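Chain residues, written in single-letter form:
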Amino acid sequence: MEPTPQHKLRGLLIAGTSSVAFGFIPLFTLPLMAIGLRTPSILTYRFLFAALAMFPLLLYKKIDLRLTVREIGVLLSLGLVYIASAMGLQLGYHYMPSGVATVVHFTYPVYVILLMLLFYRQRPTRVMVLAILLAFFGVLCLSGLGLEKVDRRFLIGMLIVAPTGLAYASYMVIVNKSVVRTMNNIKLSFYALLACGSGFLVIALFWGDLQGIPSLEAWGLTIALAIIPTVVANITLVEGVKLIGSTMSAILGALEPLTAVVIGFFVFDEVLTPLRLVGILLIILSVLLIALSGRIAYFLKVSHLRKRHR
């Protein structure tokens, strides 16, 4: 059944809200870091509070929470890659502007293509190859390698954040190719967040201690971090995909790094050189090409057939 214009508009607003919400991660994380909370403690509270907030929704919708042994194994794997993704991104904030870190993390669709090629022999189209090259040159511009004097601290941040895209891509591939692909999306998000939060709790305790939340301001920031860029972003993402499809949702996903860049520039006075701006635009263009690759390939095929029949 073709969605009505009202449904499309609602889907666009919801998917856009999801992407903007994801982009708010630095807005709440950087002040918590400035207060003195360390990465494992922040992420423990973020994901455990998010899972706790989602639990009433599961009960309200009467979603069966039982799991099979195979599902538990996959969910633990998802928790591990989510831990790597979230921790790498937040650690990167210590070394580079948060907006730039988010853009580097946003290269995960490129890693999805590479993982599908490596493990499932799914060859990329020419458009996807172009997108990969654009992403490569985008990262090159951000790092300044061979183009300008390299900031050593910034380069360390790049080395920390770049693998987070691979980790998040692994999360997406595991979800798509494993037994949990048919699991209710809210249930899947709940258990993934719970596994991730539990993992960070173990890391925090192993790191030395789980820090307490020191003030009312910190409590507000922590709850906002758990709700807006975690619970709201995940739930609206699922709803947006249902209403307008994965392609349009992926295109609107470009609002995530743009939001983070704008917040970094206006709220945290983060400096963006012209070369880094070029890198940001190349990476966003790369992701948009990947999202539209199917439609572009179809358009080129139709154009080719029309020329042959003239």
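Summary of the structure given here. In this text, all values refer to a predicted model and were calculated from it rather than measured experimentally.

### Some details on the packing of aromatic side chains
Note on aromatic pairs: each is described by the distance of the centres and the angle between the planes. All chains considered together, the criterion is met by 14 aromatic pairs. Taking 5.2 Å as the distance between ring centres and 70° as the angle between the ring planes, the aromatic pair formed by Tyr82 and Tyr171 counts as edge-to-face. Linking Tyr82 in helix α4 (residues 69–92) with Tyr171 in helix α8 (residues 152–177), this pair joins segments that are 89 residues apart in sequence. The burial state of Tyr82 is the same as that of Tyr171; both residues are buried. Ring plane angle 75° and centroid distance 5.5 Å describe the contact between Phe136 and Phe137, whose orientation is recorded as edge-to-face. Classification of Phe137 as partly exposed rests on a relative accessible area of 42%. Aromatic rings pair up to connect Phe47, Tyr82, Phe106, Tyr108, Tyr168, Tyr171 and Phe200 into one cluster. The residue whose ring lies beneath Arg276 is Phe154, and the NZ or CZ to ring-centre distance is 3.8 Å.

### What about the layout of surface pockets?
As a volume, the second largest pocket reaches approximately 190 Å³. Lining the second largest pocket are Met54, Leu57, Lys61, Asn184, Asn185, Ile186, Ser189, Asn234, Ile235, Val238, Glu239 and Lys242. For the lining of the second largest pocket, the elements supplying multiple residues, two or more each, are α3 (39–60), α9 (185–207) and α10 (216–252). For the lining of the second largest pocket, the element with the highest residue contribution is α10, accounting for 5 residues. Its residues assigned to classes, the lining of the second largest pocket comprises 5 nonpolar, 4 polar and 3 charged.

### Digging into the pattern of salt bridges
Applying the stated criterion to the full structure yields 2 salt bridges. Residue Asp64 pairs with Arg66 through a salt bridge whose shortest N-O separation is 2.9 Å. Residue Asp64 is classed as partly exposed on the basis of its relative accessible area of 39%.

Quick notes on the rules
Residues numbered from 1 in each chain as written. Predicted model: local features only at pLDDT ≥ 70, side-chain atom pairs only at ≥ 80, totals over all residues. Heavy atoms only, no water. Phe/Tyr/Trp six-rings, centres within 6.5 Å; stacked < 30°, edge-to-face > 60°. Helix = DSSP H or I, 4+ residues; strand = E, 2+ residues; numbered from the N terminus. Buried < 20%, exposed > 50% of the residue type's maximum accessible area, 1.4 Å probe, protein only. Lys NZ or Arg CZ within 6 Å of the ring centre and 35° of its normal. 1 Å grid on protein atoms, 1.4 Å probe; cavity = no way out; pocket = protein on both sides within 12 Å on 5 of 7 lines; lining within 4 Å. Points joined across faces, edges and corners; volume = space filled by probe spheres on them. Nonpolar A, V, L, I, M, F, W, Y, C, P; charged D, E, K, R; others polar. Salt bridge = Lys/Arg side-chain N within 4 Å of Asp/Glu carboxyl O.

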